[in-house]
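# What the coordinates show
Chain residues, written in single-letter form:
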Amino acid sequence: MSIIQPALRIALTPGEPAGIGPDLCVMLAQHDHAFQLVAIADPELLAKRAEMLGLPLSLHAFDANAAIVPQTASSIHVLPVELTTPATCGQLNEANARYVLKTITRAVRGCLDGLFAAMVTGPVHKGVINAAGIAFTGHTEYIAGISGGQPVMMLATPGLRVALATTHLPLSDVSKAITHNRLRTVLRILHRELQTRMAISEPKILVCGLNPHAGEGGHLGREEIEIIEPVLEGLRRQGVIVEGPLPADTVFTPDFLNRADAILAMYHDQGLPVLKHLGFGRAVNITLGLPLIRTSVDHGTALELAGSGQANPGSLEYALETASTMAGSGS
């Protein structure tokens, strides 16, 4: 007997209104989807951007009490949040900073309340939000501040998943940030969510060393000996399949990747250049460790492309596909 999966409702926040986020939202709405897509945005913004792009778009007011219906091409449901002031393509305006945060907040609350199965976020501009007098370090931190949890960043593209032990830190601060507790926590979250969110029963995780040649037996640094190896050994005793620490200049070769479900890099630019080289435009940013499913694009606001029709929706398409797959795995 086949199992009928429940219909899914996914929230989409287009992000910075002067950037390509609204364009991408309109582009995605041109196709049928097996889930219901709900844009949390200003309806007039989407309508104007569709007109600029020359694309058809029917906007439907979102009704939380209505049945979940799959999205049909050239239409989208909208949970309205009004812009503070009209947005102009390519021109940042501090007045709309709180609008961006309101859309994210509504998506998070909707996920926590069970209204949405997942949320997908378009690119935001951190600088303009901070310029508006709002302390903002990023999407992930903002979402975690509302929802709780211990966020872990993982980017994925077909054939490769890369999680990060540390994220946006100066290179000079990375070594002291990699502690026993932090590394153990990140690996436990990564292992658990590969099982629960991605339906991998026995995840195999490869762990990069911090130093060149993974420290070369202590001659090029002792973080591998004093921190990374003891954490990995403790996790192995608990049944977690982890291999490493491995030299980062060889771990991304086919022999290693063929036996890995994910790779843990020690810092941002150790793992992400490889992933973006392999899958730029078809990669997704996944936030693990939250009490909700959140995916995002792997690119910025691209202000110069807003309204031009030249934006590439590939990353947002993959973010939606990944979110729906993760939500389905947990249903």
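Use the structure listed above.
Reference entry: report on the structure contained in this document. Computed from a predicted model, the values in this text were never measured in an experiment.

### Regarding the overall build of the protein chain
- When helices and strands are tallied, the protein chain shows 11 helices and 12 strands.
- Against the globule reference of 20 Å for 331 residues, the protein chain gives a C-alpha radius of gyration of 21 Å, in line with a compact fold.
- If one aligns the C-alpha atoms of the protein chain with their principal axes, the spans along those axes are about 60 × 55 × 35 Å.
- Taking all 331 residues of the protein chain together, 52% fall into the buried category.
- Residue pairs in contact within the protein chain that sit at least 24 positions apart in sequence constitute 74% of those at least 6 positions apart.
- If you sum the accessible surface of the protein chain, you get close to 14,500 Å²; carbon and sulfur atoms cover 52% of it.
- Distance between charge centroids for the protein chain: 6 Å, based on 23 positive and 29 negative side chains.

### Quick look at the nonpolar core
- Of all hydrophobic cores here, the largest spans 87 residues; its most connected members are Met119, Leu183, Leu187, Leu264 and Met266.
- A total of 8 residues in this core trace back to one element, the largest contributor, which is helix α3 (residues 97-112).
- Cys208, Leu246, Phe252 and Ala265 belong to the second-largest nonpolar core, a separate cluster that totals 16 residues.

### Things to note about the packing of aromatic side chains
- Here the structure, examined in full by the defined rule, presents 2 aromatic pairs.
- When the ring of phenylalanine 136 is compared with that of tyrosine 142, the centres are 6.0 Å apart and the planes differ by 55°; the resulting orientation is tilted.

Definitions and cut-offs
Residues numbered from 1 in each chain as written. Predicted model: local features only at pLDDT ≥ 70, side-chain atom pairs only at ≥ 80, totals over all residues. Heavy atoms only, no water. Helix = DSSP H or I, 4+ residues; strand = E, 2+ residues; numbered from the N terminus. Rg over C-alpha atoms; globule rule 2.2 N^0.38 Å. Buried < 20%, exposed > 50% of the residue type's maximum accessible area, 1.4 Å probe, protein only. Contact = heavy atoms within 4.5 Å. Areas by Shrake-Rupley, 256 points an atom, 1.4 Å probe, with all protein chains shown as cover. Lys, Arg positive; Asp, Glu negative; His and termini not counted. Charge placed at Lys NZ, Arg CZ, Asp CG, Glu CD. Core = buried A, V, L, I, M, F, W, Y, C linked by side-chain atoms within 4.5 Å. Phe/Tyr/Trp six-rings, centres within 6.5 Å; stacked < 30°, edge-to-face > 60°.

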